[in-house]
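Spelled out, the chains give:
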Amino acid sequence: MTPPPRAVILDLGNVLVFHDNALLFRRLGARAGLSLAETEQRLAGAGWTAANRGLLGAEGIRRDVCSALGMDLPAEEFNALWSSHFTLHEAVLPRVEGLVGRVRLVLLSNTNVLHMAWIKPRLPLLGRFDDLVLSCEVGLVKPEPAIYQEALRRARCEPHEAAFFDDVPEYVQAANALGIRGHVFTTAESFDTQLQALGL
């Protein structure tokens, strides 16, 4: 019988917090006077990966997105709008909190400085994680193997000793390829069942 994992590595978006990108695009588009389709098309080329790699700071993200949409918003208004599509996944938080102290708990997220600035004060549970591997701080993004290896290093375990949960199947497959026990996250109920099957 396989022993329970010594570490649990969790994604952030659509696991601990929901992000409704269509809502974000609608709100940005409305502010810029653009249709949803036009907004999506213009932002498809914006610096998402650069922001997630930490190559764009708060002001760089504002300039990049505003330039793509042909508008100029002050930082305070833009920052509020840029994170207006997040809601906490309340149903899953108690189960995650129950893992604190039982396993090494590590966050692994493709994210940017502005989104983390909004999320951290609203999700104090992150302060109880053993470590946070944020793409914008390490300069790596999923599904690159190096970011999973960094998460393992901080989890202080071998690949087979870690369970990883992400809502993006491609990212789970990348973890599995390294020997990590990857699982596609769907709902809080399924997550509870997956943890029980792992002996947690």
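Residues numbered from 1 in each chain as written. Predicted model: local features only at pLDDT ≥ 70, side-chain atom pairs only at ≥ 80, totals over all residues. Heavy atoms only, no water.

**Section: the pattern of salt bridges**
This model, assessed by the stated rule, comprises 15 salt bridges. The salt bridge partner of Glu 161 is Arg 6, with a shortest N-O separation of 3.0 Å. On the criterion of sequence distance, the pair formed by Glu 161 in the loop between helix 9 (145-155) and strand 6 (162-166) and Arg 6 in the segment before strand 1 (7-10) is long-range, its members being 155 residues apart. Here Arg 6 falls in the partly exposed class, since its relative accessible area comes to 43%. For Arg 154, the salt bridge is made with Glu 150, and the minimal N-O distance between the two is 2.7 Å. Separated by 4 residues within a single helix, Arg 154 and Glu 150 lie in helix 9, roughly one turn from each other. The pair formed by Arg 154 and Glu 150 is uniform in burial state, with each residue classed as buried. Through salt bridges with shared partners, a single network forms among Glu 59, Arg 62, Arg 63 and Asp 72. (Salt bridge = Lys/Arg side-chain N within 4 Å of Asp/Glu carboxyl O. Helix = DSSP H or I, 4+ residues; strand = E, 2+ residues; numbered from the N terminus. Buried < 20%, exposed > 50% of the residue type's maximum accessible area, 1.4 Å probe, protein only.)

**Considerations on the layout of surface pockets**
The calculated volume of the largest pocket comes to roughly 530 Å³. Forming the boundary of the largest pocket are 25 residues, of which His 19, Asn 21, Asn 52, Asn 110 and Thr 111 lie nearest the centre. Only strand 2 (17-19), helix 1 (21-32), helix 3 (48-52) and helix 7 (113-122) provide two or more residues apiece to the lining of the largest pocket. Considering only residue class, the lining of the largest pocket consists of 10 nonpolar, 11 polar and 4 charged. (1 Å grid on protein atoms, 1.4 Å probe; cavity = no way out; pocket = protein on both sides within 12 Å on 5 of 7 lines; lining within 4 Å. Points joined across faces, edges and corners; volume = space filled by probe spheres on them. Nonpolar A, V, L, I, M, F, W, Y, C, P; charged D, E, K, R; others polar.)

**Some thoughts on the pairing of strand 5 (residues 131-134)**
Two elements, strand 4 (residues 104-109) and strand 5, share 4 bridges in a ladder whose sense is parallel. Counted as the bridge partner of Ser 109 is Leu 134 from strand 5. (Pairing = 2+ DSSP bridges.)

**What about helix 7?**
Inspection of helix 7 places Leu 114, His 115, Met 116 and Ile 119 among the buried residues, and these make up the whole buried set. Those residues of helix 7 that are buried are in contact with strand 2, helix 4 (58-69), helix 5 (75-82), strand 3 (86-88) and strand 5. By the N-cap criterion, in which a side-chain oxygen at the helix start approaches the backbone nitrogen of a residue two or three places on, helix 7 is capped by Asn 112, the distance to Leu 114 being 3.2 Å. (Contact = heavy atoms within 4.5 Å. Polar contact = N/O pair within 3.5 Å; in protein donor to acceptor, adjacent residues only side chain to side chain.)

**What to know about the packing of helix 1 against helix 2 (residues 36-44)**
It is at 9 Å that the axes of helix 1 and helix 2 come closest, and there the two elements cross at 105 degrees. As judged from the angle between their axes, helix 1 and helix 2 are roughly perpendicular. Contacts between helix 1 and helix 2 involve Ala 22, Phe 25, Arg 26, Leu 28 and Gly 29 from the former and Leu 36, Thr 39, Glu 40 and Leu 43 from the latter. Taken together, the residues of the contact of helix 1 with helix 2 break down into 5 nonpolar, 2 polar and 2 charged. (Axes fitted to C-alpha atoms, helices over the stretch in contact; angles between N-to-C directions. Parallel < 35°, antiparallel > 145°, perpendicular 65-115°, else oblique.)

**Side note on unusual backbone geometry**
Only a minority of non-glycine residues have a phi that is not negative, and only a minority of peptide bonds are not trans. For the bond from Lys 142 to Pro 143, the omega torsion is 10 degrees, close enough to zero to count as cis. Structurally, Pro 143 can be placed in the loop between helix 8 (135-138) and helix 9.

**Some details on the sheet that holds strand 5**
With parallel pairing, the 5 strands of this open sheet are ordered in space as 5-4-1-6-7. Each of the sheet's edge strands pairs with one partner strand only, and the pair in question is strand 5 and strand 7 (181-184). Sheet twist, expressed as the average angle between the axes of neighbouring strands with direction ignored, equals 20 degrees. One ladder, built from 4 bridges, connects strand 1 with strand 6; its direction is parallel. Within the sheet, the bridge partner assigned to Val 8 lies in strand 6 and is Ala 163. Running at roughly 160 degrees to strand 4, helix 9 makes contact with strand 1, strand 4, strand 5 and strand 6 of the sheet.

Just geometry here; none of it tells us what the structure is for.
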